[in-house]
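In case you want the letters, here they are:
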Amino acid sequence: QVQLVESGGGVVQAGGSLRLSCAASGGTFSRADMGWFRQAPGKEREFVAAIRRSAGRTYYAESVKGRFTISRNNDENTVYLQMNSLNPEDTAVYYCAASVNYRSNYAHRLSYDYWGQGTQVTVSS
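Residues numbered from 1 in each chain as written. Predicted model: local features only at pLDDT ≥ 70, side-chain atom pairs only at ≥ 80, totals over all residues. Heavy atoms only, no water.

Draft legend 1. Molecular detail of the side chain of Asp33. Following the sequence through the fold, Asp33 ends up in strand 4 (residues 33-39). Among the residues examined, Asp33 registers a relative accessible area of 4% and is labelled buried. A distance of 2.7 Å separates a polar atom in the side chain of Asp33 from a polar atom in the side chain of Arg52. For Asp33, the contacting residues outside a window of four places in its chain are Ile51, Arg52, Arg53, Arg72, Ala97, Ala98, Ser99, Tyr102 and Tyr112. (Helix = DSSP H or I, 4+ residues; strand = E, 2+ residues; numbered from the N terminus. Buried < 20%, exposed > 50% of the residue type's maximum accessible area, 1.4 Å probe, protein only. Polar contact = N/O pair within 3.5 Å; in protein donor to acceptor, adjacent residues only side chain to side chain. Contact = heavy atoms within 4.5 Å.)

Dropping the structure here:
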């Protein structure tokens, strides 16, 4: 059983930055693909970014490409999401997710086995 705990959310002005963290426990973090998703009020949960277990290959949604960076520290069992140039459309609850089995579709919610409780990010205009 893997537990995921997100932190780092908050309120920021448009153009600002935040760094989200997701601490994992209860499993072999280095063997898990990790992802970040977000859900705005009244909208479906959507893919933001993912990072593979080995080689650290990364993937991004078009809406965040060039602004967000996903990274991981396997020694600290933590995955990060650095968010720059934030805009009000980035306002959402951000969720960390872990996939313990390899699945090719890193952007689909059903590819992930474990989820954190979420952290709120609010970007004011």
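Draft legend 2. The arrangement of the environment of Arg67 in detail. When you line up the elements, Arg67 lands in the loop between strand 6 (58-60) and strand 7 (68-73). Sequence spacing of Arg67 and Leu86 is 19 residues, and the spatial spacing of their C-alpha atoms is 7.8 Å. Once you skip the residues sitting within four places of it in the chain, Arg67 turns out to touch Gln82, Met83, Asn84, Ser85, Leu86, Asn87 and Asp90. Here Ser63 takes part through its backbone oxygen, which lies 2.9 Å from a polar atom of the side chain of Arg67.

Draft legend 3. How the structure looks around the sheet that holds strand 3 (residues 18-25). The strand order 1-3-8-7 describes an open sheet built from 4 strands, whose pairing is antiparallel. One side of each edge strand has no neighbouring strand; the edge strands of this open sheet are strand 1 (3-7) and strand 7. Recorded for the sheet is a direction-independent mean angle of 15° between the axes of neighbouring strands. Relative to strand 8 (residues 78-83), strand 7 runs antiparallel, the two being bridged by 6 bridges. By the bridge assignment, Thr69 is partnered in strand 8 with Gln82. (Pairing = 2+ DSSP bridges. Axes fitted to C-alpha atoms, helices over the stretch in contact; angles between N-to-C directions.)

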